[in-house]
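# Secondary and tertiary structure notes
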Amino acid sequence: IPNIVRQKLVKNPDIPDQPSMERFKAAVLFADISGFTALTERIATQGPEGVETITHILNEYFAKMIETIQGHGGDVVKFAGDALLAVWREDERPDACLQAASCALALQEQLHEYSPAEKVFLKIRIGLGAGEALLAYIGGLMQRWEFVIGGHPVTQASLAQISAKPGQVVISPEMRQRLGSNALMDGNVLISLPPPARVMHAVQTLPLIAKEHVPALHTYIPGAISSRLSAGQAAWVSELRWLTALFIELPGFAQAEPQTPDQATQ
């Protein structure tokens, strides 16, 4: 559960009964593991043993990414397959853009051609964006809630990541404007942040979770995973399935100005 959601639940541990939303300025980092899809297709032919191998590789790689992001004051808010989205709120960290950029460079330095297994080399492509983000808490059906983050910085980071080559950090024009003379660039590719602009570490304080917060936290966990956890089957979550994927976009969702939280979900 992301820190941003934990903070909300610590303030109000009750299970949500209606949607809500908030806006804040933020720096956004979008990172995609290059080469993982091909690796998955190759290892998946090994059946259950391949699933365990994939799980181990991805878990180890993401663990290092999360540790670096949290060490730079960032909050991992979303996973999408072999990609992740992290944010730095400017209302909490005035130098959010510098922290996000420093984190992106650190990720490339630490994980460039990282080899979690024999003959396996992974790289990451990173995009950075900056601006006003929107966070909406929606759902309620069958006691299941979801947090959706969007807005210009998310779009910027996503588009920047698409144009990045493995091992590169590409930044949006808005992020480049925020970094100003602190950034050494090659076109739209971030090369370095000369000292003292480079932020090597930022303390992140995670809110303490008490027993009364657990029911609300569970509403943000997918049902398939929650049922496994409740049955004590945490070690058997990974599996292979044939399925069809449906991707739906809501154009203008983050740019709209709804009058009430309910209107934001319609």
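Just above sits the structure.
These numbers were taken from a predicted model, which means no experiment stands behind them. (Residues numbered from 1 in each chain as written. Predicted model: local features only at pLDDT ≥ 70, side-chain atom pairs only at ≥ 80, totals over all residues. Heavy atoms only, no water.)

## What about unusual backbone geometry?
- Although it is not a glycine, Met142 adopts a positive phi angle of roughly 55°.
- Inspection of the secondary structure assignment puts Met142 in the loop between β5 (120-139) and β6 (145-151).
- Note on Met142: relative accessible area 76%, which makes it exposed.
- For Gln143, which is not glycine, the phi torsion reads 60° and is therefore positive.
- Residue position: Gln143 is located in the loop between β5 and β6.
- On the accessibility criterion, Gln143 (46% relative accessible area) is partly exposed. (Helix = DSSP H or I, 4+ residues; strand = E, 2+ residues; numbered from the N terminus. Buried < 20%, exposed > 50% of the residue type's maximum accessible area, 1.4 Å probe, protein only.)

## What about the packing of helix α3 (residues 48-71) against helix α4 (residues 96-111)?
- Packing of α3 against α4 brings their axes to within 10 Å, and their N-to-C directions diverge by 145°. Every pair of crossing elements has a handedness; the one defined by α3 and α4 is right-handed. Judged by residue contacts, Tyr61, Lys64, Met65, Thr68 and Ile69 of α3 engage Cys103, Ala106, Leu107, Gln110 and Leu111 from α4.
- Grouping the amino acids of the contact of α3 with α4 by side-chain chemistry returns 7 nonpolar, 2 polar and 1 charged. (Axes fitted to C-alpha atoms, helices over the stretch in contact; angles between N-to-C directions. Left-handed = near helix turned anticlockwise from the far one by under 90°. Contact = heavy atoms within 4.5 Å. Nonpolar A, V, L, I, M, F, W, Y, C, P; charged D, E, K, R; others polar.)

## A closer look at helix α5 (residues 152-163)
- Look at α5: 17 Å from first C-alpha to last across 12 residues, which is about the 16 Å you get at 1.5 Å a residue.
- Restricting attention to buried positions, one finds in α5 the residues Pro153, Val154, Gln156, Ala157, Ala160 and Gln161. Buried residues of α5, viewed axially, fall in a sector of 160°; they line one side. Exposed positions of α5 whose direction lies more than 90 degrees from the buried face are Leu159 and Ile162. (Expected span 1.5 Å × (residues − 1). Arc of directions from axis to C-beta.)

## Description of the pairing of strand β1 (residues 20-34)
- Bridge count for β1 against β5 is 15 bridges, and the pairing is antiparallel. Within β5, the position partnered with Ala27 by the bridge is Ala130.
- Summarising the sheet, β1 and strand β3 (residues 83-89) pair through 7 bridges and their orientation is antiparallel. When the bridges of β3 are listed, Phe30 appears paired with Leu85. (Pairing = 2+ DSSP bridges.)

## Side note on the packing of aromatic side chains
- Within the structure shown, the criterion is met by 4 aromatic pairs.
- On the basis of an interplanar angle of 50° and a centroid distance of 6.2 Å, the ring pair of Phe147 and Tyr220 is categorised as tilted. Within this pair, whereas Phe147 is found in strand β6, its partner Tyr220 is found in the loop between α7 (214-218) and α8 (223-230), the two being separated by 73 residues in sequence.
- Taken together through their ring pairs, the aromatic side chains of Tyr137, Phe147 and Tyr220 make up a single cluster.
- Across from the ring centre of Tyr137, 4.5 Å away, lies the NZ or CZ of Lys8, which sits over that ring.
- Of note, Arg89 hangs over the ring of Phe24, and the distance from its end group to the ring centre comes to 4.0 Å. (Phe/Tyr/Trp six-rings, centres within 6.5 Å; stacked < 30°, edge-to-face > 60°. Lys NZ or Arg CZ within 6 Å of the ring centre and 35° of its normal.)

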